[in-house]
Amino acid sequence: MPSTDSNKTMIDTLLGKSVDLLLSWPKTVLTAFLIITAAVGSQAPNFSIDASPDTLLTRDNELYVQTQLVGQRFAPQEFLLVTFEPLNYPVISEQSFAALSRLSDELLALDRVESVRSILNVPVFSQSQNLLSGNVDLTQLTIEAGSFNLAALEEEFSGHPIYENLLVNEDLTAAALQVLFRSNPELSELNSQMTDLNVRYQQGNYSAEDEQEMKRLEAAVEPLQTELSQARTQEIEQIRQILQNYNTEADIHLGGVHVLAYQLIQIIVNDLVVFGSAMALGICLMLLVLFRALRWVLIPVVCCSISVLTTIGLFAMLGMKATVISSNFIALQLILTLAIVIHLIVQYRELANASDTKSDSEQNQRSLIRETLMRKVGPCFFAGITTSVGFGSLVFSGLQPVISFGWMMIIAMFVSIAVSLIVFPVVLELLAKKREKPELGFANAIVAGFSRFALKRTGIITVLSLALAAFSLSGILWLTVENSFINYFRASTQVHQELAYIDREFGGSTPLDLIYTPPQRPGNPDLIMSAETVQRLQLIQHRIGEHEATGRILSAVNLTDLARELNNNAPLTEYELTAVYWMMDETFREDLLGAFLDEETGQIRMNIWIQDLTEGLNRQQLLDDIRTDLAESGVDESDYQLTNLFVLYQDIMQQLYTSQILTMGIVFAVLLLTFLVIFRSFRVAIAAIVPNILSTLAILGTMGWLGIPLDLMTITIAAIAMGIAVDDTIHFIHRYLEERKQHSYADAIRRTHGSVGIAILYTSLLIVAGFSILAFSDFVPSILFGLLTALAMILALLTGLCLLPVLLKALVEPALAKR
């Protein structure tokens, strides 16, 4: 004990000297701090948000590497989809053809557009009677090249094995234009080399030289990828402008992976600007109402602004980018900074109201600031450490974007601590001391009510806590893991309507690739596929197509179906099919089948589109059912791969769910050890950890009962809830133990509620009110983030001011009574 006391004295002495140094040179310290902030913050414009799918995947993910290999081998071309549903005339009509032709020409004028595929320029096979018997110029069998009977065209496109759900919908009420883009050969080659290295990494043949080469390639790819991203953004905006000219004659929608990424960034940025501004204004007004002094609005605003600007600048310097997962880090940092500053303000006001008037007001001001810091530096620092442990759970997720988010929040936490503990005292030192108004009556009444409830109703609190635990655990059992990008947006938004329309009318919005490797190549090397392979593919495609969520499927099977139709519904032999394949124009053959058949390896790609809005869709169950279909169709597991976005995102979600559940226990254990180190008491550590566990489980349980799935956006809410609850716990226990040295248990609880309780109440009110504004967002993840964060604050408030005192009485008081 003597050594502990001497250590504490030494720390207090060092802290006191540091505080005195700050307060002796406030202008110098503030100026230096602002210069550093300006220097670091000047990099903030280089910080970017990247919502592309690749930001969620890394070379550690085997499925991602397989998807890269598939893309490299089959080279499916980058495209956007424009759907065109005429308002006043049929799709198969001269007016429609004229409009589609004009629209195609305007789209072709864009720099990177290579071609526009539509019903106008694809072969109308039925118009040739000799298609299977000799050389036919397929370019002359298109609508734009000749004149066709409209009724015959309707019959041709209705139920077409290839064109239906690709270029026209089933009802023939809408057409689609595939806008195909040129690739950058240099970027493609660099990505190919990176894929080869990723394969070596997966195979365990990765050397130090390979790592150096990977870094070189990544450095070379980054500017090219940035240029491509900017080009895509510009192209989407240009296409939108073009499409506006056709709004009076058709219902038009734009879709595609890069359109989704563009819309995500636009909505996230819009939320940051609009709701960030509204949130800031609301918090400022509430600060003014709660503290009734402009200085208590100015100082939090300055601290929050400097914290966020410095953090963004640091992220830009470190090359960190915000993804869909980490896009809310600014709002979270505001919570962290605001919580620290509110505790400092309440402590200062408490000391100011309790102090006697002194003749030297400047010295009195300095002494108040000094004592505020001496009392609060420890709790704020410890709260920062424990909050970082909470966010540290994300570091163990095993997924790079989530790991990066965890590190981003740890960095943000320590920036907030440093800024608050330096800027708050020096700015306050530069302001004259004023008589502080007492806390608002309603605030005193609320915390006094919590205090009485905690002291007199321990049994009720215990029962309610156990009921909350049971509610939470049972709700967690109902948690699901799903990820639907369409449902990220309100039904009233343009992006939701566009994605939903394409999902419904054009056979799905999320791609899934099945790569099938026939066990044996055809005995005759001239054959493209054996009869057995064709039959096996037909069976596979039929089984997969029976699932309700399966939309359009494109593969070599579609060609065989078309050939059968052209052969009077008689199946073609493997030799006839090969003849049809080789008699096609080389460009058209590559365009039609190049993305589905690899002649070199014999592998066959089946491009399956999943209808994301299928009611009751269980994505993992669908994947399991597809694997069962393949097994029952006689396909060995080693003969196929499932890749592309649908399986990649589902795999990510399963990994996230598993990692979060497994690491949550580890994080609670680390938190317990951290509390043990901070308070040097196992009993206090247990009392501190229980409210944090209960708050975190309650958030997850509530999500389970409300049917809110864990997805890429909500998976981090457990860490957020943990970080919020930890802060309240540290401050409450620290003040309680200080008060307990001179007062009884009941008086210590009352005094703690009257000081720290006020700060916790104010922080909760500010954040709940501010973040509830997000309920008006068009971005559903922002809505859930705002409401679940507000719920986490309320739970932290209730468990901190009601349950924690009960636990302290049950666990800590017996030990204190023996002293």
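Residues numbered from 1 in each chain as written. Predicted model: local features only at pLDDT ≥ 70, side-chain atom pairs only at ≥ 80, totals over all residues. Heavy atoms only, no water.

Draft legend 1. Representation of the side chain of S104 within the structure. Of note, S104 is situated in helix 4 (residues 94–108). On the accessibility criterion, S104 (8% relative accessible area) is buried. A polar side-chain atom of S104 sits 2.8 Å from the main-chain carbonyl oxygen of L100. Setting aside its immediate chain neighbours within four residues, S104 contacts V116, S118 and L177. (Helix = DSSP H or I, 4+ residues; strand = E, 2+ residues; numbered from the N terminus. Buried < 20%, exposed > 50% of the residue type's maximum accessible area, 1.4 Å probe, protein only. Polar contact = N/O pair within 3.5 Å; in protein donor to acceptor, adjacent residues only side chain to side chain. Contact = heavy atoms within 4.5 Å.)

Draft legend 2. Broad picture of the nonpolar core. Ranked by size, the top nonpolar core spans 155 residues in total, and within it F291, F329, I342, F424, F489, M703 and Y762 carry the most contacts. Ranked by residue count, the leading element in this core is helix 10 (residues 329–354), at 16 residues. Not counting residues up to four positions away in its chain, the partners in contact with F424 are W296, I299, C303, V341, L344, I345 and V419. Core analysis: the second largest hydrophobic core is formed by 46 residues, L80, F97, I236 and L554 among them. (Core = buried A, V, L, I, M, F, W, Y, C linked by side-chain atoms within 4.5 Å.)

Draft legend 3. Helix 5 (residues 150–157), seen in detail. Where helix 5 is concerned, the buried positions are L153, E156 and F157. Summarising the axial view, the buried residues of helix 5 lie within an arc of 85°, below the 170-degree limit, and thus occupy one face. Those residues of helix 5 that are exposed and angled more than 90 degrees off the buried face are A151 and E155. If you follow the buried residues of helix 5, they end up packed against helix 4. (Arc of directions from axis to C-beta.)

Draft legend 4. Representation of the sheet that holds strand 8 (residues 640–643) within the structure. On the basis of which strands lie adjacent, the open sheet formed by four strands has the order 6-7-5-8 and antiparallel pairing. Strands with a single pairing partner mark the edges of an open sheet, and in this sheet they are strand 6 (550–554) and strand 8. Across the sheet, the mean angle separating the axes of adjacent strands is 20° when strand polarity is ignored. Where strand 5 (residues 510–516) lies against strand 7 (residues 604–610), seven bridges are found, and the strand directions are antiparallel. By the bridge assignment, L514 is partnered in strand 7 with M606. (Pairing = 2+ DSSP bridges. Axes fitted to C-alpha atoms, helices over the stretch in contact; angles between N-to-C directions.)

Draft legend 5. Main features of the confidence of the model for the protein. Predicted confidence across the protein gives a mean pLDDT of 81, with 87% of residues reaching 70 or more. Overall, residues 357–363 carries pLDDT values under 50, and its contacts beyond four positions in sequence, including any with other chains, amount to three contacts. (pLDDT = per-residue confidence, 0-100.)

Draft legend 6. Spotlight on unusual backbone geometry. Unusually for a residue other than glycine, L172 sits at a positive phi of about 55°. Judged by relative accessible area, L172 falls into the buried class, the value being 17%. Notably, N644 is not glycine yet its phi reads approximately 85°, a positive angle. With respect to the element layout, N644 can be found in the loop between strand 8 and helix 21 (645–679). Exposure remark for N644: the relative accessible area of 15% places this residue in the buried category.

Draft legend 7. Layout of the pairing of strand 5. The buried count for strand 5 comes to seven of seven residues, which makes it a mostly enclosed element. Pairing analysis gives four bridges linking strand 5 to strand 8, with the strands arranged antiparallel. Following the sheet pairing, D513 is matched in strand 8 by T643.

Draft legend 8. Quick peek at the packing of helix 8 (residues 257–291) against helix 24 (residues 745–772). Relative to each other, helix 8 and helix 24 sit at 150°, their axes nearing to 9 Å. For the element pair helix 8 / helix 24, the angle class is roughly antiparallel. Where helix 8 crosses over helix 24, the handedness of that crossing is right-handed. Residues M279, I283, M286, L287, L290 and F291 of helix 8 pack against Y762, L765, L766, A769, G770 and F771 of helix 24. For the contact of helix 8 with helix 24, a count of residues per class yields eleven nonpolar, one polar and no charged. (Parallel < 35°, antiparallel > 145°, perpendicular 65-115°, else oblique. Left-handed = near helix turned anticlockwise from the far one by under 90°. Nonpolar A, V, L, I, M, F, W, Y, C, P; charged D, E, K, R; others polar.)

Draft legend 9. Expanded view of the environment of R375. With respect to the helices and strands, R375 occurs in helix 11 (residues 361–392). With a relative accessible area of 35%, R375 lands in the partly exposed category. Residues R375 and Y348, spaced 27 residues apart in sequence, show a C-alpha to C-alpha distance of 9.9 Å. Ignoring anything within four residues of it in the chain, the contact list for R375 reads Q347, L351, H734 and R735.

Draft legend 10. Representation of the pattern of salt bridges. With the rule as written, the count across this model stands at 20 salt bridges. E371 serves as the salt-bridge partner of R375, at 3.2 Å between the closest nitrogen and oxygen. On the criterion of helical spacing, the pair formed by R375 and E371 is a turn pair, its members being four residues apart in helix 11. Where E632 meets R543, a salt bridge forms, and the shortest distance between an N and an O atom there is 2.5 Å. (Salt bridge = Lys/Arg side-chain N within 4 Å of Asp/Glu carboxyl O.)

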